[in-house]
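Inside the fold
Listed below are the residues making up each chain.
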Amino acid sequence: MTAVVGEDGLARCPWGLSAPDYVAYHDEEWGRPIRDDQGLYERLCLEAFQSGLSWLTILRKREGFRAAFAGFDMEKVASFGEADVERLLGDAAIVRNRAKIEAAINNARAALEVPGGLAEVAWKYADADSPGYADIGDVPATTDGSKALAKELKRHGFRFVGPTTAYALMQACGLVDDHLVGCYRRGAYR
């Protein structure tokens, strides 16, 4: 499926028109470069929580995640203990999955220990020359860059960061531009 023209006359990636939450996310956030550690940490957590679920579920619970995880302040989350895990498992405002909750806490600790910071590591894998796809069916789930990023993050102690999650992070945070050719946001941040 190629870019689709919405009621406002703008061509967007087709997923970006499927729900009002998606329109806002597509137009205002997805693919916009995130260069700070906290912003990348939040997106990494959300992408990991999304694994196996709809992204729309995560978007609709995003404020709940922010409240539950102290605004994704890595130092605060890194200090979470077992009582916090139990509290989070009872919080209906988020996805209540022990492995993902524990990974978010672990990843805060790992992010604080990464030499140079999370943003420096992630942006080493940015692909300013991403090819540009005309059809959503051609957009890959992983790339060599996402495989390498996942491998490096795991080397630094991160969990729940396979190549697919790493690529979703790269797309969301502007490390690649996967807005479809014809989408009005393609190239907007380059």
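Residues numbered from 1 in each chain as written. Predicted model: local features only at pLDDT ≥ 70, side-chain atom pairs only at ≥ 80, totals over all residues. Heavy atoms only, no water.

The N-to-C vectors of helix H2 (residues 37-50) and helix H7 (residues 98-113) enclose an angle of 160°; their axes lie 10 Å apart at closest approach. Taken together, H2 and H7 sit at an angle that is classed as roughly antiparallel. The crossing of H2 and H7 is right-handed. Each of Tyr41, Leu44, Cys45, Ala48, Phe49 and Gln50 in H2 lies in contact with H7, whose residues at this interface are Lys100, Ile101, Ala104, Ile105, Asn107 and Ala108. (Axes fitted to C-alpha atoms, helices over the stretch in contact; angles between N-to-C directions. Helix = DSSP H or I, 4+ residues; strand = E, 2+ residues; numbered from the N terminus. Parallel < 35°, antiparallel > 145°, perpendicular 65-115°, else oblique. Left-handed = near helix turned anticlockwise from the far one by under 90°. Contact = heavy atoms within 4.5 Å.)

In the numbering adopted here, UniProt assigns the feature "binding site: Zn(2+)" (unreviewed entry) to Cys13, His26, His179 and Cys183. What stands out for the annotated residues spanning 171 residues is how close their C-alpha atoms remain, the widest pair being 10.3 Å apart. In this fold, His26 is placed in helix H1 (residues 20-28). Every residue in contact with His26, bar those within four places of it in the chain, is listed here: Arg12, Cys13, Trp15, Gly16, His179, Cys183 and Arg185. (UniProt positions renumbered as here; feature names shortened; annotations may be inferred.)

All right, on to the packing of helix H9 (residues 144-155) against helix H10 (residues 163-172) then. One way to put it is that H9 packs onto H10 with a least axis distance of 8 Å and a crossing angle of 110°. Between H9 and H10, the angle falls in the class roughly perpendicular. Facing Gly145, Ser146, Lys147, Leu149 and Ala150 of H9, the residues of H10 in contact are Pro163, Ala166, Tyr167, Leu169 and Met170. Looking at the contact of H9 with H10, its residues break down into seven nonpolar, two polar and one charged. (Nonpolar A, V, L, I, M, F, W, Y, C, P; charged D, E, K, R; others polar.)

What follows concerns the environment of Ala78. Residue placement: Ala78 occurs in helix H5 (residues 74-78). Look at Ala78 and you get buried, because its relative accessible area is 14%. Leaving out residues up to four positions away in the same chain, Ala78 has contacts with Ile105, Ala108, Arg109 and Leu112. (Buried < 20%, exposed > 50% of the residue type's maximum accessible area, 1.4 Å probe, protein only.)

This part takes up the nonpolar core. Grouped together as the largest cluster of nonpolar side chains are 52 residues, with contacts concentrated most on Leu40, Tyr41, Phe49, Phe65, Phe69, Ile101 and Phe158. What Phe49 contacts, discounting residues up to four positions off in sequence, is Ile58, Phe65, Phe69, Val95, Lys100, Ile101 and Ala104. (Core = buried A, V, L, I, M, F, W, Y, C linked by side-chain atoms within 4.5 Å.)

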